[in-house]
Amino acid sequence: MKIFKDPKKIQQHISNLKKRGKTVAFVPTMGALHEGHAALLRKARTAGDILVLSIFVNPLQFGPAEDFSRYPRPLKNDLAVAKKEKVDMVFTPAAADLYAADHSTHVAEDDLSRGLCGAVRPGHFRVVTTVVAKLFNIVLPDSAFFGQKDYQQYKVIERMSRDLRFPVRLVMVPTAREKDGLAMSSRNTYLSTAERETAPAIYQALCAAKKDIEEGAALNRAGSRIRAALRKSGIRAIDYAAVLSAADLKAASQTDKKLVVAVAVRLGKTRLIDNILVKRSGKNI
Ligand code: AMP
(Lines give C-alpha, C1' and ligand atoms only; values in the text may rest on other atoms or scores of the structure.)
Protein backbone atom coordinates (compact mmCIF):
# COMPACT_ATOMS: atom_id res chain seq x y z
CA MET A 1 0.00 0.00 0.00
CA LYS A 2 1.48 3.33 -1.09
CA ILE A 3 0.82 6.56 0.80
CA PHE A 4 0.88 9.88 -1.04
CA LYS A 5 0.63 13.42 0.26
CA ASP A 6 1.66 15.28 -2.88
CA PRO A 7 -1.21 15.65 -5.44
CA LYS A 8 1.22 15.82 -8.37
CA LYS A 9 2.94 12.57 -7.40
CA ILE A 10 -0.21 10.50 -6.98
CA GLN A 11 -1.73 11.98 -10.15
CA GLN A 12 1.39 11.08 -12.12
CA HIS A 13 1.51 7.58 -10.65
CA ILE A 14 -2.17 6.91 -11.41
CA SER A 15 -1.91 8.45 -14.85
CA ASN A 16 0.94 6.04 -15.71
CA LEU A 17 -1.07 3.05 -14.50
CA LYS A 18 -4.10 4.19 -16.53
CA LYS A 19 -1.94 4.39 -19.65
CA ARG A 20 -1.27 0.69 -19.08
CA GLY A 21 -5.04 0.05 -19.08
CA LYS A 22 -5.66 -0.10 -15.31
CA THR A 23 -9.00 1.11 -13.94
CA VAL A 24 -9.29 3.16 -10.75
CA ALA A 25 -11.96 2.89 -8.02
CA PHE A 26 -12.00 5.76 -5.54
CA VAL A 27 -13.37 6.28 -2.01
CA PRO A 28 -13.04 9.85 -0.67
CA THR A 29 -13.33 10.25 3.13
CA MET A 30 -12.42 12.47 6.07
CA GLY A 31 -10.85 9.49 7.86
CA ALA A 32 -11.75 8.13 11.32
CA LEU A 33 -12.77 5.08 9.34
CA HIS A 34 -15.61 2.89 10.56
CA GLU A 35 -17.63 0.02 9.14
CA GLY A 36 -19.54 2.41 6.81
CA HIS A 37 -16.28 3.45 5.15
CA ALA A 38 -15.14 -0.20 5.08
CA ALA A 39 -18.35 -1.11 3.21
CA LEU A 40 -17.50 1.52 0.57
CA LEU A 41 -13.95 0.17 0.27
CA ARG A 42 -15.17 -3.43 -0.11
CA LYS A 43 -17.61 -2.46 -2.84
CA ALA A 44 -14.97 -0.34 -4.58
CA ARG A 45 -12.36 -3.11 -4.33
CA THR A 46 -14.41 -5.26 -6.71
CA ALA A 47 -14.93 -2.39 -9.17
CA GLY A 48 -11.41 -1.43 -10.29
CA ASP A 49 -7.84 -2.69 -10.66
CA ILE A 50 -6.54 0.02 -8.34
CA LEU A 51 -8.32 1.06 -5.14
CA VAL A 52 -7.59 4.60 -3.96
CA LEU A 53 -8.69 5.98 -0.58
CA SER A 54 -8.38 9.66 0.24
CA ILE A 55 -8.31 10.96 3.79
CA PHE A 56 -8.69 14.70 4.00
CA VAL A 57 -10.24 16.60 6.88
CA ASN A 58 -11.20 19.72 5.02
CA PRO A 59 -10.94 22.78 7.30
CA LEU A 60 -13.45 24.60 5.09
CA GLN A 61 -16.08 21.92 5.76
CA PHE A 62 -16.36 22.94 9.40
CA GLY A 63 -18.71 25.70 10.47
CA PRO A 64 -18.09 27.91 13.51
CA ALA A 65 -20.26 25.54 15.59
CA GLU A 66 -18.03 22.52 14.98
CA ASP A 67 -14.43 22.47 16.02
CA PHE A 68 -12.10 21.46 13.17
CA SER A 69 -9.32 20.65 15.64
CA ARG A 70 -11.66 18.31 17.56
CA TYR A 71 -12.46 16.06 14.58
CA PRO A 72 -10.94 12.59 15.20
CA ARG A 73 -7.79 11.76 13.20
CA PRO A 74 -6.72 8.22 14.12
CA LEU A 75 -4.39 7.89 11.12
CA LYS A 76 -2.62 4.74 12.33
CA ASN A 77 -5.90 2.90 12.74
CA ASP A 78 -7.18 4.24 9.40
CA LEU A 79 -4.12 2.87 7.61
CA ALA A 80 -4.69 -0.51 9.26
CA VAL A 81 -8.32 -0.52 8.02
CA ALA A 82 -7.12 0.50 4.55
CA LYS A 83 -4.60 -2.34 4.49
CA LYS A 84 -7.22 -4.84 5.62
CA GLU A 85 -9.55 -3.71 2.83
CA LYS A 86 -6.72 -4.09 0.29
CA VAL A 87 -6.39 -0.41 -0.60
CA ASP A 88 -3.57 0.19 -3.10
CA MET A 89 -3.02 3.90 -2.52
CA VAL A 90 -3.92 6.28 0.29
CA PHE A 91 -3.96 9.98 -0.52
CA THR A 92 -3.54 12.13 2.61
CA PRO A 93 -2.96 15.71 1.47
CA ALA A 94 -2.62 18.63 3.87
CA ALA A 95 -4.92 21.61 3.28
CA ALA A 96 -2.02 23.53 1.70
CA ASP A 97 -1.52 20.68 -0.81
CA LEU A 98 -5.05 21.20 -2.15
CA TYR A 99 -5.60 24.93 -1.60
CA ALA A 100 -2.96 27.38 -2.77
CA ALA A 101 -2.72 30.48 -0.60
CA ASP A 102 -4.39 32.48 -3.39
CA HIS A 103 -6.94 29.77 -4.29
CA SER A 104 -9.91 31.52 -5.92
CA THR A 105 -11.81 28.91 -7.94
CA HIS A 106 -14.90 27.06 -6.72
CA VAL A 107 -17.39 24.56 -8.06
CA ALA A 108 -20.96 25.27 -7.00
CA GLU A 109 -24.09 23.23 -7.66
CA ASP A 110 -27.05 25.54 -7.46
CA ASP A 111 -30.20 23.44 -7.27
CA LEU A 112 -29.97 20.27 -5.17
CA SER A 113 -27.62 22.05 -2.73
CA ARG A 114 -30.21 24.60 -1.67
CA GLY A 115 -32.45 22.65 0.71
CA LEU A 116 -31.90 20.37 3.74
CA CYS A 117 -28.26 20.61 4.93
CA GLY A 118 -27.58 23.36 2.38
CA ALA A 119 -30.23 25.57 3.97
CA VAL A 120 -28.93 24.95 7.50
CA ARG A 121 -25.24 25.21 6.54
CA PRO A 122 -24.98 27.83 3.78
CA GLY A 123 -21.93 27.32 1.57
CA HIS A 124 -21.35 23.76 2.80
CA PHE A 125 -21.97 22.00 -0.51
CA ARG A 126 -19.84 24.48 -2.44
CA VAL A 127 -16.92 23.36 -0.29
CA VAL A 128 -17.82 19.70 -0.91
CA THR A 129 -18.22 20.00 -4.69
CA THR A 130 -15.01 22.02 -4.94
CA VAL A 131 -12.94 19.48 -3.04
CA VAL A 132 -14.51 16.45 -4.76
CA ALA A 133 -13.86 18.05 -8.17
CA LYS A 134 -10.21 18.59 -7.17
CA LEU A 135 -9.94 14.99 -5.94
CA PHE A 136 -11.50 13.64 -9.15
CA ASN A 137 -8.94 15.63 -11.17
CA ILE A 138 -6.07 14.28 -9.08
CA VAL A 139 -7.17 10.64 -8.68
CA LEU A 140 -8.70 10.25 -12.18
CA PRO A 141 -11.23 7.62 -11.00
CA ASP A 142 -13.28 5.44 -13.32
CA SER A 143 -15.69 4.82 -10.43
CA ALA A 144 -16.25 6.62 -7.11
CA PHE A 145 -18.14 5.37 -4.06
CA PHE A 146 -20.27 7.41 -1.65
CA GLY A 147 -22.56 6.52 1.25
CA GLN A 148 -26.33 6.80 1.26
CA LYS A 149 -26.05 8.30 4.74
CA ASP A 150 -25.17 11.58 3.03
CA TYR A 151 -27.91 11.26 0.43
CA GLN A 152 -28.06 14.93 -0.50
CA GLN A 153 -24.28 14.99 -0.87
CA TYR A 154 -24.50 12.02 -3.23
CA LYS A 155 -27.17 13.72 -5.36
CA VAL A 156 -25.19 16.97 -5.48
CA ILE A 157 -22.00 15.16 -6.55
CA GLU A 158 -23.99 13.16 -9.10
CA ARG A 159 -25.37 16.40 -10.59
CA MET A 160 -21.94 18.07 -10.56
CA SER A 161 -20.36 15.07 -12.28
CA ARG A 162 -23.06 15.02 -14.93
CA ASP A 163 -23.02 18.77 -15.53
CA LEU A 164 -19.23 19.02 -15.71
CA ARG A 165 -18.91 15.72 -17.57
CA PHE A 166 -16.50 14.04 -15.21
CA PRO A 167 -15.86 10.64 -16.81
CA VAL A 168 -16.64 8.77 -13.60
CA ARG A 169 -19.30 6.23 -12.64
CA LEU A 170 -20.79 7.04 -9.23
CA VAL A 171 -22.00 4.34 -6.88
CA MET A 172 -24.13 4.87 -3.77
CA VAL A 173 -23.61 2.32 -0.99
CA PRO A 174 -26.33 1.65 1.65
CA THR A 175 -25.91 3.13 5.13
CA ALA A 176 -24.03 0.95 7.63
CA ARG A 177 -25.73 0.98 11.03
CA GLU A 178 -24.99 0.04 14.61
CA LYS A 179 -27.04 -2.88 15.97
CA ASP A 180 -29.61 -0.47 17.40
CA GLY A 181 -30.06 1.27 14.03
CA LEU A 182 -27.96 4.40 14.58
CA ALA A 183 -26.19 5.31 11.33
CA MET A 184 -22.44 4.90 11.78
CA SER A 185 -20.61 8.21 11.78
CA SER A 186 -17.20 9.47 12.85
CA ARG A 187 -19.14 12.05 14.88
CA ASN A 188 -20.91 9.41 17.02
CA THR A 189 -17.81 9.38 19.25
CA TYR A 190 -18.78 12.89 20.42
CA LEU A 191 -22.05 11.63 21.97
CA SER A 192 -22.36 11.40 25.76
CA THR A 193 -23.75 8.14 27.19
CA ALA A 194 -27.22 9.69 27.52
CA GLU A 195 -27.12 11.14 23.99
CA ARG A 196 -25.95 7.80 22.57
CA GLU A 197 -28.95 6.14 24.23
CA THR A 198 -31.32 8.67 22.66
CA ALA A 199 -29.74 8.59 19.18
CA PRO A 200 -31.40 5.38 17.85
CA ALA A 201 -34.73 7.28 17.99
CA ILE A 202 -33.67 8.95 14.71
CA TYR A 203 -33.72 5.71 12.71
CA GLN A 204 -36.83 4.53 14.55
CA ALA A 205 -38.64 7.71 13.47
CA LEU A 206 -37.47 7.19 9.88
CA CYS A 207 -38.66 3.56 9.86
CA ALA A 208 -42.04 4.58 11.29
CA ALA A 209 -42.39 7.26 8.60
CA LYS A 210 -41.51 4.75 5.89
CA LYS A 211 -44.16 2.33 7.19
CA ASP A 212 -46.79 5.12 7.34
CA ILE A 213 -46.03 6.18 3.77
CA GLU A 214 -46.11 2.60 2.51
CA GLU A 215 -49.53 2.27 4.17
CA GLY A 216 -50.73 5.34 2.28
CA ALA A 217 -50.43 8.10 4.92
CA ALA A 218 -50.61 11.71 3.69
CA LEU A 219 -47.13 12.90 2.66
CA ASN A 220 -47.66 16.49 3.76
CA ARG A 221 -48.07 15.41 7.37
CA ALA A 222 -45.11 13.01 7.49
CA GLY A 223 -42.59 15.72 8.49
CA SER A 224 -44.63 16.85 11.49
CA ARG A 225 -45.19 13.23 12.58
CA ILE A 226 -41.43 12.59 12.50
CA ARG A 227 -40.77 15.76 14.50
CA ALA A 228 -43.36 14.70 17.08
CA ALA A 229 -41.77 11.22 17.39
CA LEU A 230 -38.29 12.75 17.80
CA ARG A 231 -39.50 15.19 20.44
CA LYS A 232 -41.18 12.36 22.33
CA SER A 233 -37.78 10.63 22.47
CA GLY A 234 -36.17 13.73 23.90
CA ILE A 235 -34.71 15.17 20.69
CA ARG A 236 -35.71 18.82 20.55
CA ALA A 237 -33.15 20.45 18.26
CA ILE A 238 -34.41 19.35 14.86
CA ASP A 239 -32.81 21.07 11.84
CA TYR A 240 -35.19 19.39 9.43
CA ALA A 241 -37.45 16.38 8.91
CA ALA A 242 -38.63 16.18 5.33
CA VAL A 243 -40.13 13.83 2.76
CA LEU A 244 -38.83 14.62 -0.72
CA SER A 245 -38.67 13.14 -4.18
CA ALA A 246 -35.55 10.94 -4.14
CA ALA A 247 -34.79 11.95 -7.74
CA ASP A 248 -34.60 15.73 -7.39
CA LEU A 249 -35.06 16.51 -3.67
CA LYS A 250 -38.16 18.58 -4.40
CA ALA A 251 -41.26 18.36 -2.17
CA ALA A 252 -42.71 14.87 -2.52
CA SER A 253 -45.81 14.46 -4.60
CA GLN A 254 -48.25 11.57 -4.83
CA THR A 255 -46.82 10.60 -8.23
CA ASP A 256 -43.18 10.18 -7.07
CA LYS A 257 -42.15 6.53 -7.24
CA LYS A 258 -39.15 6.91 -4.95
CA LEU A 259 -39.03 9.15 -1.91
CA VAL A 260 -36.34 10.05 0.58
CA VAL A 261 -37.22 10.75 4.19
CA ALA A 262 -34.38 12.85 5.59
CA VAL A 263 -33.66 14.08 9.09
CA ALA A 264 -31.00 16.26 10.73
CA VAL A 265 -30.94 16.81 14.48
CA ARG A 266 -28.56 18.08 17.09
CA LEU A 267 -27.87 16.07 20.22
CA GLY A 268 -25.93 18.35 22.51
CA LYS A 269 -23.19 19.79 20.30
CA THR A 270 -23.28 16.91 17.82
CA ARG A 271 -25.17 17.16 14.56
CA LEU A 272 -26.49 13.86 13.22
CA ILE A 273 -28.13 13.20 9.86
CA ASP A 274 -29.89 10.13 8.51
CA ASN A 275 -32.35 9.16 5.80
CA ILE A 276 -34.37 6.28 4.43
CA LEU A 277 -35.55 5.57 0.90
CA VAL A 278 -39.15 4.59 0.26
CA LYS A 279 -40.25 2.91 -2.93
CA ARG A 280 -43.93 3.33 -3.62
CA SER A 281 -45.85 0.60 -5.30
CA GLY A 282 -48.48 1.51 -7.89
CA LYS A 283 -51.34 1.12 -5.45
CA ASN A 284 -49.88 3.73 -3.10
CA ILE A 285 -49.55 6.36 -5.78
P1 AMP B 1 -16.96 11.12 5.79
O2 AMP B 1 -15.65 10.54 6.17
O3 AMP B 1 -17.94 11.22 6.91
O4 AMP B 1 -16.83 12.38 4.99
O5 AMP B 1 -17.62 10.07 4.78
C6 AMP B 1 -16.90 9.58 3.67
C7 AMP B 1 -17.85 8.72 2.85
O8 AMP B 1 -18.32 7.65 3.67
C9 AMP B 1 -19.09 9.48 2.36
O10 AMP B 1 -19.42 9.03 1.06
C11 AMP B 1 -20.15 9.06 3.36
O12 AMP B 1 -21.46 9.11 2.84
C13 AMP B 1 -19.74 7.62 3.64
N14 AMP B 1 -20.29 7.17 4.91
C15 AMP B 1 -20.17 7.77 6.12
N16 AMP B 1 -20.87 7.08 7.05
C17 AMP B 1 -21.45 6.03 6.40
C18 AMP B 1 -22.30 4.95 6.80
N19 AMP B 1 -22.71 4.83 8.05
N20 AMP B 1 -22.68 4.07 5.87
C21 AMP B 1 -22.28 4.19 4.58
N22 AMP B 1 -21.47 5.18 4.13
C23 AMP B 1 -21.07 6.09 5.04
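Residues numbered from 1 in each chain as written. Predicted model: local features only at pLDDT ≥ 70, side-chain atom pairs only at ≥ 80, totals over all residues. Heavy atoms only, no water.

**Q** Would you mind going over the packing of helix 9 (residues 201-214) against helix 10 (residues 222-232) with me for this structure?
**A** Each packed pair of helices is defined by two parameters, the angle between the axes and the distance between the axes. Two elements in contact, helix 9 and helix 10, have axes separated by 9 Å at closest approach and are oriented at 145°. Here the hand of the crossing between helix 9 and helix 10 comes out right-handed. Contact residues: helix 9 offers A201, I202, A205, A209 and D212, while helix 10 offers R225, I226, A229 and L230. Considered class by class, the residues forming the contact of helix 9 with helix 10 number seven nonpolar, no polar and two charged. (Axes fitted to C-alpha atoms, helices over the stretch in contact; angles between N-to-C directions. Helix = DSSP H or I, 4+ residues; strand = E, 2+ residues; numbered from the N terminus. Left-handed = near helix turned anticlockwise from the far one by under 90°. Contact = heavy atoms within 4.5 Å. Nonpolar A, V, L, I, M, F, W, Y, C, P; charged D, E, K, R; others polar.)

**Q** Just to check I follow, could you spell out the sheet that holds strand 1 (residues 2-4) for this structure?
**A** As a general point, the strands of a sheet are linked pairwise by backbone hydrogen bonds and lie either parallel or antiparallel. Spatially, 1-4-3-2-5-6 is the arrangement adopted by the six strands of the open sheet, whose pairing is parallel. Of all the strands in the sheet, the pair left with one neighbour each is strand 1 and strand 6 (169-173). Between one strand axis and the next, the sheet turns through 25° on average, direction left out of account. With five bridges joining them, strand 5 (residues 143-147) and strand 6 adopt parallel strand pairing. Paired with F145 across the two strands is V171, which belongs to strand 6. The sheet strands contacting helix 7 (residues 151-163) are strand 5 and strand 6, and the helix crosses strand 6 at an angle near 170°. (Pairing = 2+ DSSP bridges.)

**Q** Can you help me understand the site of the ligand in this one?
**A** Close to the ligand lie 16 residues; M30, G147, D150, A176 and M184 are nearest. At 2.9 Å, a backbone N or O of M30 approaches an oxygen atom of the ligand. Between A176 and the ligand, the recorded distance is 2.8 Å, taken from a backbone N or O atom to a nitrogen atom. For the ligand, the protein covers 93% of the area, taking 480 Å² as the surface of the free molecule. For the shell around the ligand, the secondary structure elements donating two or more residues are strand 2 (24-29), helix 2 (35-45) and strand 5. When residues in the shell around the ligand are grouped by element, the largest group, three residues, is from helix 2. Residues of the shell around the ligand, tallied by class, amount to seven nonpolar, seven polar and two charged. (Near = heavy atom within 4 Å. Polar contact = N/O pair within 3.5 Å; in protein donor to acceptor, adjacent residues only side chain to side chain. Areas by Shrake-Rupley, 256 points an atom, 1.4 Å probe, with all protein chains shown as cover.)

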